[in-house]
Amino acid sequence: GALLGLSELRDPSLAPTFEKFVTVGYVQDVRSAALTGWVRAAPDDPKLAAALRTLARDRNRHIRETALERLASLHHATDAILLRTLAESDPDPNVAAIAKEGLEEIGSFLKK
C-alpha cells in the first residue's frame, strides 16, 4: 500500500526507492506495485526500461505480464522486437497475448 501511495506523488526522485522493490526477493504484489510506481514516477528513466526488459522474462508470470504492459506503455520503438518475439514464440498464451497487445500499442503510438 505504501508503494502505491508513493506512486501517486509521481516524484522522479522516488525512482531508486521503487527500483529496490522489483527484485526477486520481494513478493509478487510488492514487485508489481513497485513497477507501477516506477513507471508513474520516472517513465523516462533508462534503468526502468532496462529493468522491464529483464522482468519480461521473469519466472513469475504475473511479473512478466506486468512488465510487458508497463514496457508497452513507454512506447519505445526498440521494444517492438522483444514484444514481437514474445508474441510469436512465448509458450504461455497469456504472455503472448499481452506482448501482442503491447506491440499493437507501440505501433499505434508511433503512427501518430
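Conventions and cut-offs
Residues numbered from 1 in each chain as written. Predicted model: local features only at pLDDT ≥ 70, side-chain atom pairs only at ≥ 80, totals over all residues. Heavy atoms only, no water. Axes fitted to C-alpha atoms, helices over the stretch in contact; angles between N-to-C directions. Helix = DSSP H or I, 4+ residues; strand = E, 2+ residues; numbered from the N terminus. Left-handed = near helix turned anticlockwise from the far one by under 90°. Contact = heavy atoms within 4.5 Å. Nonpolar A, V, L, I, M, F, W, Y, C, P; charged D, E, K, R; others polar. Buried < 20%, exposed > 50% of the residue type's maximum accessible area, 1.4 Å probe, protein only. Arc of directions from axis to C-beta. Core = buried A, V, L, I, M, F, W, Y, C linked by side-chain atoms within 4.5 Å. Expected span 1.5 Å × (residues − 1). Salt bridge = Lys/Arg side-chain N within 4 Å of Asp/Glu carboxyl O.

S.K.: I keep staring at the packing of helix α6 (residues 80-89) against helix α7 (residues 93-111) and nothing clicks. Help me out?
M.R.: How two helices sit against one another is set out by the angle between their axes and by the gap between those axes. Running from N to C, α6 and α7 cross one another at 145 degrees; their axes reach a closest spacing of 7 Å. Crossing of α6 against α7: the hand is left-handed. Within the contact between the two elements, α6 uses A80, L83, R84, L86 and A87 and α7 uses A96, A99, K100, G102, L103 and I106. Residue classes in the contact of α6 with α7 are distributed as eight nonpolar, one polar and two charged.

S.K.: Would you explain the packing of helix α3 (residues 28-41) against helix α4 (residues 46-55) in this entry?
M.R.: The N-to-C vectors of α3 and α4 enclose an angle of 145 degrees; their axes lie 10 Å apart at closest approach. By crossing handedness, the relation of α3 to α4 is classed as left-handed. On the side of α3, the interface is formed by R31, L35, W38 and V39, while α4 contributes K47, L48, A51, L52 and L55. Counted by class, the contact of α3 with α4 contains seven nonpolar, no polar and two charged residues.

S.K.: Is there a simple way to think about α6 in this case?
M.R.: Working note: α-helix, 3.6 residues per turn, so residues spaced by three or four point in the same direction. Every buried residue belonging to α6 is among A80, L82, L83 and L86, and all of these are buried. Down the axis of α6, the buried set is contained in an arc of 160 degrees. They therefore lie on one face. Residues I81, E88 and S89 are exposed on α6 and point more than 90 degrees away from its buried face.

S.K.: I'm lost on the nonpolar core in this one. Help?
M.R.: Buried together is how nonpolar side chains tend to be arranged in soluble globular proteins. In terms of nonpolar packing, the biggest core is built from 31 residues, with W38, L52 and L68 touching the most fellow members. Mapped by element, the contributors of at least two residues to this core are α2 (15-20), α3, α4, α5 (61-73), α6 and α7.

S.K.: Where do I start with α3 in this structure?
M.R.: Along its 14 residues, α3 runs 20 Å from first to last C-alpha, staying within 8% of the 20 Å computed at 1.5 Å per residue. Those residues of α3 that fall on the buried side of the exposure criterion are R31, S32, A33, A34, L35, T36, G37, W38, V39 and A41. Residues of α3 that are buried in the fold lie against α1 (2-7), α2, α4 and α5.

S.K.: Is there a simple way to think about the pattern of salt bridges in this case?
M.R.: Side chains carrying opposite charge are able to pair once their charged atoms draw close together. Considering all chains together, one arrives at eight salt bridges under this definition. E19 serves as the salt-bridge partner of K47, at 3.8 Å between the closest nitrogen and oxygen. Here the residue K47 occupies a position in helix α4, and E19 occupies one in helix α2, the gap between them amounting to 28 residues.

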